[in-house]
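What the coordinates show
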Amino acid sequence: MNKIFQKEFSLVPRSRGFHLITDEIVDNIPELSEITVGILYIFIKHTSASLTINENADSTVRADFMTHFNSMVPEGKSSYKHNSEGPDDMPAHLKTALLDTSLQIPITSGRLNLGTWQGIYLCEHRNKGGSRKLILTAIGN
Amino acid sequence: MNKIFQKEFSLVPRSRGFHLITDEIVDNIPELSEITVGILYIFIKHTSASLTINENADSTVRADFMTHFNSMVPEGKSSYKHNSEGPDDMPAHLKTALLDTSLQIPITSGRLNLGTWQGIYLCEHRNKGGSRKLILTAIGN
Amino acid sequence: MNKIFQKEFSLVPRSRGFHLITDEIVDNIPELSEITVGILYIFIKHTSASLTINENADSTVRADFMTHFNSMVPEGKSSYKHNSEGPDDMPAHLKTALLDTSLQIPITSGRLNLGTWQGIYLCEHRNKGGSRKLILTAIGN
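The structure displayed is predicted, hence computed values, not measured ones.

**Some words on the overall build of chain A**
Looking only at helices and strands, chain A features three helices and eight strands. Along the longest, intermediate and shortest principal axes, the C-alpha atoms of chain A span 55 × 30 × 20 Å. Looking at chain A alone, contacts between residues at least 24 apart form 82% of all its contacts between residues at least 6 apart. Surface accessibility of chain A: about 5100 Å² in total, with carbon and sulfur atoms responsible for 49%. Each charge sign in chain A was given a centre, from 14 positive and 15 negative side chains, and these centres are 5 Å apart.

**Some words on the relation of the copies chain A and chain C**
For these two chains of identical sequence, chain A goes onto chain C by a turn of 120 degrees and a shift of 0.0 Å along the axis, with RMSD 0.0 Å. Here the symmetry operator amounts to a three-fold rotation axis.

**Observations regarding the packing of aromatic side chains**
Per the stated rule, a full pass over the model turns up 15 aromatic pairs over all chains. Each ring, one from Phe 18 of chain C and one from Phe 69 of chain C, has its centre 5.8 Å from the other, and the planes form 40 degrees; the classification is tilted. Residue Phe 18 of chain C is found in strand β2 (residues 17–20), and its partner Phe 69 of chain C is found in helix α2 (residues 59–72); the two are separated by 51 residues along the sequence. Each member of the pair, Phe 18 of chain C together with Phe 69 of chain C, is buried. A connected cluster of aromatic rings, assembled from ring pairs, spans Phe 18, Phe 65, Phe 69 and Tyr 121 of chain A.

**Describing the interface of chain A and chain B**
Facing the 32 residues of chain A at the interface are 37 residues of chain B. Regarding the contact of chain A and chain B, the summed buried area is about 2700 Å², with carbon and sulfur atoms giving 59% of it. In this assembly, chain A and chain B are joined by zero salt bridges. In this structure, the connection of chain A to chain B is made through 14 residue pairs in polar contact (both at pLDDT 80 or more). When residues in the side of chain A that touches chain B are grouped by element, the largest group, six residues, is from helix α3 (residues 89–98) of chain A.

**Side note on the interface of chain A and chain C**
Across the contact, 37 residues belong to chain A and 32 residues belong to chain C. Of the roughly 2700 Å² buried between chain A and chain C on both sides combined, carbon and sulfur atoms contribute 59%. At the boundary of chain A and chain C, one finds zero salt bridges. Counting across the interface, chain A meets chain C through 14 residue pairs in polar contact (both at pLDDT 80 or more). Mapped by element, the contributors of at least two residues to the side of chain A that touches chain C are β3 (37–44), β4 (49–55), α2 (59–72), β5 (102–108) and β8 (133–140) of chain A. Residue contributions to the side of chain A that touches chain C peak at 10 residues, all from α2 of chain A. Classifying every residue of the side of chain A that touches chain C gives 18 nonpolar, 15 polar and four charged.

**Some remarks on the sheet that holds strand β7 (residues 118–124) of chain B**
Adjacent strands of a sheet pair through backbone hydrogen bonds, lying either parallel or antiparallel. All names here are of chain B. An order of β2-β7-β4 is seen for the three strands of this open sheet, with the pairing classed as antiparallel. At either margin of the open sheet sits one strand with a lone partner, and together these are β2 (17–20) and β4 (49–55). Strand-to-strand, the axes of this sheet are offset by a mean angle of 35 degrees, without reference to chain direction. As paired strands, β2 and β7 are joined by four bridges and run antiparallel to one another. Note that in β7 the partner of His 19 across the bridge is Leu 122.

**Points about the confidence of the model for chain A**
Confidence in the prediction of chain A, expressed as mean pLDDT, is 97, and 99% of residues score 70 or more. Interface confidence in the predicted complex, given as ipTM, is 0.97; pTM for the same model is 0.98.

**A look at the packing of helix α3 (residues 89–98) of chain B against α2 of chain C**
Running from amino to carboxyl end, α3 of chain B crosses α2 of chain C at an angle of 65 degrees, the nearest separation of the two axes being 11 Å. The handedness of the crossing between α3 of chain B and α2 of chain C comes out as right-handed. Here α3 of chain B contributes Met 90, His 93, Leu 94, Ala 97 and Leu 98 of chain B to the contact with α2 of chain C, which in turn contributes Val 61, Asp 64, Phe 65, His 68, Phe 69 and Met 72 of chain C. Looking at the contact of α3 of chain B with α2 of chain C residue by residue, the class counts come to eight nonpolar, two polar and one charged.

**Considering the sheet that holds β4 of chain A**
All names here are of chain A. Taken together, three strands build an open sheet; the order of strands is β2-β7-β4 and the sheet is antiparallel. Where the open sheet ends on each side, the last strands, each with one partner, are β2 (17–20) and β4. Neighbour to neighbour, the strand axes of the sheet diverge by 35 degrees on average, direction disregarded. In the sheet, β4 pairs with strand β7 (residues 118–124) via seven bridges, with the strands oriented antiparallel. Across the sheet, Ile 53 pairs through a bridge with Ile 120, a residue of β7. Those strands touched by α2 are β2, β4 and β7, and its axis lies near 150 degrees from that of β2.

**Observations concerning the environment of Ser 71 of chain B**
Residue and element names in this part refer to chain B. Its place among the elements puts Ser 71 in helix α2 (residues 59–72). Judged by its relative accessible area of 46%, Ser 71 falls in the partly exposed class. Residues Ser 71 and Ile 120, spaced 49 residues apart in sequence, show a C-alpha to C-alpha distance of 22 Å.

What counts and how
- Residues numbered from 1 in each chain as written.
- Chains lettered and ligands numbered in written order.
- Predicted model: local features only at pLDDT ≥ 70, side-chain atom pairs only at ≥ 80, totals over all residues.
- Heavy atoms only, no water.
- Helix = DSSP H or I, 4+ residues; strand = E, 2+ residues; numbered from the N terminus.
- Contact = heavy atoms within 4.5 Å.
- Areas by Shrake-Rupley, 256 points an atom, 1.4 Å probe, with all protein chains shown as cover.
- Lys, Arg positive; Asp, Glu negative; His and termini not counted.
- Charge placed at Lys NZ, Arg CZ, Asp CG, Glu CD.
- Least-squares fit on C-alpha atoms with pLDDT ≥ 70 in both.
- Phe/Tyr/Trp six-rings, centres within 6.5 Å; stacked < 30°, edge-to-face > 60°.
- Buried < 20%, exposed > 50% of the residue type's maximum accessible area, 1.4 Å probe, protein only.
- Buried area = accessible area lost by both parts, 1.4 Å probe.
- Salt bridge = Lys/Arg side-chain N within 4 Å of Asp/Glu carboxyl O.
- Polar contact = N/O pair within 3.5 Å; in protein donor to acceptor, adjacent residues only side chain to side chain.
- Nonpolar A, V, L, I, M, F, W, Y, C, P; charged D, E, K, R; others polar.
- Pairing = 2+ DSSP bridges.
- Axes fitted to C-alpha atoms, helices over the stretch in contact; angles between N-to-C directions.
- pLDDT = per-residue confidence, 0-100.
- Left-handed = near helix turned anticlockwise from the far one by under 90°.

Given below as structure tokens:
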């Protein structure tokens, strides 16, 4: 029987923007250390916040992500029909689709096998998104 | 031995646009009920239609997706070299890359563990895409 | 016990652009032939190169991808704060987020179960990206 672990938990709330959450994820699944070879799946249960993997060192990268996505998917376009939940809502749905609702990261020797510069981002697209629910599922030997 | 189920099937054809297909997917894999903890993988075998997870309630969200992606990846750009299959073809390839060719959804207690507002979208980018083939693979205990 | 195979290797270096790497991936994991039903995960350990699945036949599709992404995420925007690593660096991070850091492909009868027109692309966003590291993980029965 292979090992499967699954955890559902809520992230600490973050402000609108892009935030490094690698450590918070690893802290929530200590069972990673029991898996020699496998995959960690990270799933966010929301449609106005998303995930991605990107540069973990220079915080200006995350600032530039915020600027770029706000420009690429602007608020207040007259073409939006779905606007009853505020001007940040429909752009949040579109940004979620352009980024990721789930991530898959290899597990090797009990640890996430990320590249040197890779970190996990929470992409919070709402002005007041609150606490976001994640499901972690680790499968392996 | 963990459980692995795999099904290949064709979706009911849809018109160009974004369509909720959560129920059609679940109906095609009744074996989900046999998995306590695991992952469902959904893979689309095409390069001009794609998948994403987004808001499942208000149909104007799906209409706004259509408008946004048509604007973000316009037809008829003079820079396109690949235009022998019609003006909707090269934009369809690019939209497919911006959205998802595969989805991964946690399975918990025999059901997809989606957030309250999450539904699975077929993103049909061709004017006459026809019936699209999916592969469902469920892995778990 | 299900089967799990994991391989880390470096791709042959490619120039900036979109490149078909399906054969190079399959050649690096001959253990695929031992899996009847499962999933192959492909993970790239970088934040300025990415992966996607798209049209495998006409090379003009890959040329149009290059043109489109260079236009969608331009170099030299005055809004970029992260510019110490050259004008192609911050756009490379953004393109990586818009495309994929990992792919999941069904395995059926010992082979990747791709659609007729689907191939795996390396998306090299840097002018001198060098050799890129991938991790392949195959899980199945």
